[in-house]
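A closer look at the structure
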Amino acid sequence: MDAQRALLDALMGSARNLTEEERKGYKELTWEDREVCRFHMVRFCPHDLFVNTRSDLGPCPRIHDQKLKESFENSPRHEAYVPKFEAELAQFCEKLVMDLDRKVRRGRERLAQELEPAPVTPLAAEKSEQLSVLEEKIKNLLGQVEALGEAGRVDEAEALMRKVELLNAEKTVLTQPPQNNALMLAQEKKMALCEICGSFLVANDVIERSQSHVSGKQHVGYGMVRDFIAEFKGAKEKAREEERLTREKETEERRKQKEKETERRSHSQDRDRDRYHDRDRDRDRERDRHRGRDRRSREWNDRSSRDDAREMERRSRNGKDRSRDRYRDRSRSHSPVRHSYRKSSRSPVR
């Protein structure tokens, strides 16, 4: 019937039976609505596990719809919402298990109390008085039996002896402690407690009953709940471990990157230092070259100045000489002696 209803809903929509007026205010449900059971979509709903058992949680207050579940599974946001829904389901299941574990602890305490032997209680005052009366009667009867035996009245002595035996039986009943019926029952059928679902079992029971309990709805339901909690915690622990390893790996990579950066910076500083040293050496060489050039220039200038001075001095001297010569020549040209000398010197010797 449910399969046919689901098929009709898939073909005609969930509002197929509504009137026109009802359709106006009708809103099509999606898997994101709060009215939809998230537990049913992601894993299982605990309300469905314990129906008609002592742990029945009642009907689920939210909607279970296979079509919405398939829509959720095909949604592109499925992977993003699964952890959130599983965390909510795990929280609900942990509360169930906590309540069950409290029940299991109470059951253990109850079994321990039932299996403990009852303490031996002293005889009550009434029983002590009855026991004193019986002992007194038995003592008197035994005296009478002895007297009858000596008198040869054997039949009467045997009759009294039977009364003594009855009184001894009553005395034995009074002196025995009362039997603990619960202890005797527990010894005949030793009880045990199921650690999965908290049910009381008969220890060493027949295999059919044990198998019936293990396959029962309550045992299977709590087994699913406990398995899911263990799986969820394991996945969470694994995710934390992977995250820790990832952080350590990132820290190690940052450390190596920092070391590389430090080494690169150190090499760069060494290169810069070498470059600065080379630049200083080049600057020193250039300064030495400039100094040599300046020195040579000064020497050349000094030498040139000296040469110019000597040249000027030479020219001045030459000028003076030429002036002297011109003056001498002019003086000679005007002197008659010199003219006569010249004439006489030019005349042939006779």
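Above this note sits the structure.
Now for a description of the structure that goes with this document. (Residues numbered from 1 in each chain as written. Predicted model: local features only at pLDDT ≥ 70, side-chain atom pairs only at ≥ 80, totals over all residues. Heavy atoms only, no water.)

1. Regarding the overall build of the protein
Within the protein, the secondary structure is distributed over 11 helices and two strands. Mapped from its N terminus to its C terminus, the protein presents α and β elements in the order α-α-α-α-α-α-α-α-β-β-α-α-α. Buried residues in the protein amount to 20% of all 350 residues. Taking contacts inside the protein between residues at least 6 apart in sequence as the whole, the part at least 24 apart equals 65%. About 27400 Å² of surface is accessible on the protein, with carbon and sulfur atoms providing 52% of the total. (Helix = DSSP H or I, 4+ residues; strand = E, 2+ residues; numbered from the N terminus. Buried < 20%, exposed > 50% of the residue type's maximum accessible area, 1.4 Å probe, protein only. Contact = heavy atoms within 4.5 Å. Areas by Shrake-Rupley, 256 points an atom, 1.4 Å probe, with all protein chains shown as cover.)

2. A short note on the packing of aromatic side chains
Per the stated rule, a full pass over the model turns up eight aromatic pairs. Residues W31 and Y81 carry aromatic rings whose centres are separated by 5.2 Å and whose planes lie at 80° to one another, so their mutual orientation is edge-to-face. Separated by 50 residues along the polypeptide, W31 in the loop between α2 (20–24) and α3 (38–42) and Y81 in helix α5 (residues 78–115) bring together distant segments of the chain. Note on W31: relative accessible area 6%, which makes it buried. What makes Y81 partly exposed here is its relative accessible area of 26%. In this structure an aromatic cluster arises from ring pairing among W31, F72, Y81 and F85. Lying across the ring of F200, R110 places its NZ or CZ 5.2 Å from the centre. (Phe/Tyr/Trp six-rings, centres within 6.5 Å; stacked < 30°, edge-to-face > 60°. Lys NZ or Arg CZ within 6 Å of the ring centre and 35° of its normal.)

3. A short note on the nonpolar core
C93, V225 and F228 are the most contacted members of the largest nonpolar core, which totals 29 residues. Those elements giving two or more residues to this core turn out to be α3, α4 (66–73), α5 and α10 (217–334). Considering each element in turn, this core owes the most residues, nine residues, to α5. In contact with F228, other than residues within four places in its own chain, are R43, F44, E86, L89, A90 and C93. Ranked by size, the runner-up nonpolar core spans nine residues in total, among them L134, L148, A157 and L167. (Core = buried A, V, L, I, M, F, W, Y, C linked by side-chain atoms within 4.5 Å.)

4. Regarding the pattern of salt bridges
Side chains that differ in sign of charge can pair as their charged atoms come close. Summed over the entire model, instances satisfying the criterion amount to 16 salt bridges. Across the salt bridge formed by E32 and R77, the nearest N and O atoms sit 2.7 Å from each other. One end of the pair, E32, is in the loop between α2 and α3; the other, R77, is in the loop between α4 and α5, and 45 residues separate them in sequence. Relative accessible area serves as the criterion here: at 37%, E32 is assigned to the partly exposed category. Classification of R77 by relative accessible area gives partly exposed; the value is 36%. For R255, the salt bridge goes to E252, with nearest N and O atoms at 2.2 Å. (Salt bridge = Lys/Arg side-chain N within 4 Å of Asp/Glu carboxyl O.)

5. A short note on unusual backbone geometry
Trans peptide bonds make up most of the peptide bonds, and negative phi angles are found at most residues other than glycine. A positive phi angle, near 60°, is found at N52, a position not held by glycine. As for its placement among the helices and strands, N52 is situated in the loop between α3 and α4.

6. Some points on a nonpolar patch on the surface
Where nonpolar side chains cluster on the molecular surface, the patch consists of M191, F200 and V202 and spans about 200 Å² of accessible area. Mapped onto the elements, F200 comes out in strand β2 (residues 200–202). Of the residues examined, F200 reaches a relative accessible area of 33% and is grouped as partly exposed. (Patch = residues over 30% accessible without salt bridge, like charges linked within 9 Å, V, L, I, M, F, W, Y side chains within 5 Å.)

7. A word on a positive patch on the surface
Among the surface-exposed residues, R54, K103, R105 and R106 lie close enough to one another that they form a single positively charged patch. Counting through the fold element by element, R106 comes out in helix α5. (Lys, Arg positive; Asp, Glu negative; His and termini not counted. Charge placed at Lys NZ, Arg CZ, Asp CG, Glu CD.)

8. A word on α4
Among all positions in α4, only L68, K69 and F72 are buried. In an axial view of α4, the angular spread of the buried residues amounts to 105°, which keeps them on one side of the axis. N-cap assignment for α4: the residue whose side-chain oxygen lies 2.8 Å from the backbone N of K67 is D65. (Arc of directions from axis to C-beta. Polar contact = N/O pair within 3.5 Å; in protein donor to acceptor, adjacent residues only side chain to side chain.)

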